[in-house]
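Take a look at the letters that make up each chain.
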Amino acid sequence: MALRNIVTEGDPILHKTSRPIEEINDRILKLLDDMAETMYYENRGIGIAAVQVGVLRRCFIVDIGDEHGRIDFINPEITLREGEQLCTEGCLSVPGKQADVKRPFKIHVKALDRNGNPFEMDAEELLANCICHEYDHLDGVLFVDRAEPGSVVMTNAEE
Ligand code: NI
């Protein structure tokens, strides 16, 4: 595994749409593992999408520190969105900023795992928030694009 460079706000790639993964080969598996290592580095993140390391492919990883641990999502689809929650978000690609974003309280998501097997799950609260944030990355959307008006604040986050 290896750390990869994180693409940050201002790079136009972050606003591009990622392409589906047609074959889960060694290159994709290495990409996922590198993404995880990059996300866990100095405990900086709870989610990361491939575009954030400069690869326009539809996959992301989340680990909110709950019983699920690390979950790899390949070609995910959010098939249900229910309720609403106001989430305070940050992003590895938007260092030093936080903002409030309205997200569904509960979602249902389908994806492939790293073995190519389909799976689906319900997620609520922080896990739903995190999955929706990462899913947005696949369509070129950043949390600051969805921020509630006036809610963006600068933080002293280490960069
Ligand atoms: Ni992000």
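Structure: see above.
A quick note: this is a predicted structure, and the numbers were derived from the prediction, not measured.

S.K.: If you had to explain unusual backbone geometry to someone new, which residues and values would you point to?
M.R.: With phi around 50 degrees, Asn75 is a residue other than glycine that occupies positive phi space. Secondary-structure assignment places Asn75 in strand S3 (residues 71-82). One non-glycine residue, Glu125, lies in positive phi territory at about 50 degrees. Here Glu125 lies in helix H2 (residues 125-138). Looking at Glu125, the relative accessible area reads 47%, which means it is partly exposed.

S.K.: Outline the state of the cysteines, supporting the account with residue identities and numerical values.
M.R.: Should the sulfur atoms of two cysteines be covalently bonded, the bond is a disulfide. A full pass over the atoms with the stated rule returns zero disulfides. Lacking any disulfide linkage, Cys87 is separated from the closest cysteine sulfur, that of Cys132, by 8.2 Å. Cys130 takes part in no disulfide bond, and the closest cysteine sulfur, belonging to Cys132, lies 9.4 Å away.

S.K.: An account of the layout of surface pockets is requested, with residue identities and associated values reported.
M.R.: Considered as a void within the structure, the second largest pocket measures approximately 250 Å³ in volume. Along the lines of polarity and charge, the residues of the lining of the second largest pocket split into four nonpolar, one polar and six charged.

S.K.: Which residues make up the sheet that holds strand S6 (residues 106-112), and what values do they have?
M.R.: One open sheet accounts for five strands, arranged S1-S2-S3-S6-S7; its pairing is antiparallel. Among the strands making up the open sheet, the edge pair consists of strand S1 (47-49) and strand S7 (118-124). For this sheet the average axis-to-axis angle between neighbouring strands, irrespective of direction, equals 35 degrees. Strand direction decides the pairing type here: strand S2 (residues 59-62) and S3, joined by four bridges, are antiparallel. Paired with Cys59 across the strands is Ile74, a residue of S3. Together, S1, S2 and S3 form the strand contacts of helix H1 (residues 26-40), whose direction differs from that of S2 by roughly 40 degrees. Against the sheet, H2 touches S1, S2, S3, S6 and S7, its axis set at about 155 degrees to S2.

S.K.: With reference to specific residues and values, describe the side chain of Glu134.
M.R.: Looking at where Glu134 falls in the secondary structure, it is placed in helix H2. Here Glu134 is buried and forms no salt bridge, its nearest opposite-charge partner Arg103 lying at an N-O distance of 8.2 Å. Among the polar contacts made by the side chain of Glu134, one reaches the main-chain amide nitrogen of Ile48 at a distance of 3.4 Å. Those residues in contact with Glu134, other than ones at most four positions away along the chain, are Gly47, Ile48, Ala49, Gln52, Phe60, Ile61 and Val62.

Cut-offs applied
Along each chain, numbering runs from 1 in the same order as the chain's sequence is written. Given that the model is predicted, a residue must reach a pLDDT of at least 70 before its local features are reported, and side-chain atom pairs must reach 80 or more before they are shown or counted; all residues, however, enter totals for whole chains, interfaces and linings. Processing note: side-chain calculations cover all non-hydrogen atoms of the structure and skip hydrogens and water entirely. Secondary structure counts use DSSP, requiring at least four H or I residues in a row for a helix and at least two E residues in a row for a strand, with both numbered from the N terminus. The buried label applies to any residue whose accessible area, calculated with a 1.4 Å probe on protein chains only, is under 20% of its type's maximum; exposed applies above 50%, and partly exposed to all values in between. When the sulfur atoms of two cysteines come within 2.5 Å, that pair is taken as a disulfide. The method works on a 1 Å grid over the protein atoms by themselves. A cavity is a set of points holding a 1.4 Å probe that cannot get out, a pocket is an open set with protein on both sides within 12 Å along at least five of seven lines, and residues with an atom within 4 Å of a point line them. Grid points are joined across faces, edges and corners, and a volume is the space filled by probe spheres set on the points. Each residue is assigned to one class: nonpolar for Ala, Val, Leu, Ile, Met, Phe, Trp, Tyr, Cys and Pro, charged for Asp, Glu, Lys and Arg, and polar for all the others, Gly among them. A pair of strands is treated as paired once DSSP finds two or more bridges between them. Orientation is described by axes fitted as lines to C-alpha atoms, over the contacting stretch for helices, and by angles from 0 to 180 degrees between their N-to-C directions. Residue contacts follow a heavy-atom distance rule, with two residues in contact if any of their heavy atoms lie within 4.5 Å. The convention is simple: Lys and Arg are positive, Asp and Glu are negative, and His and the chain ends are not counted. Salt bridges are defined by distance alone: a side-chain nitrogen of Lys or Arg within 4 Å of a carboxyl oxygen of Asp or Glu. Contacts described as polar in this section are N or O atom pairs within 3.5 Å, which, within protein, must combine one atom able to donate a hydrogen with one able to accept it, while residues neighboring in sequence count only if both atoms come from side chains.

Geometry only, nothing functional implied.
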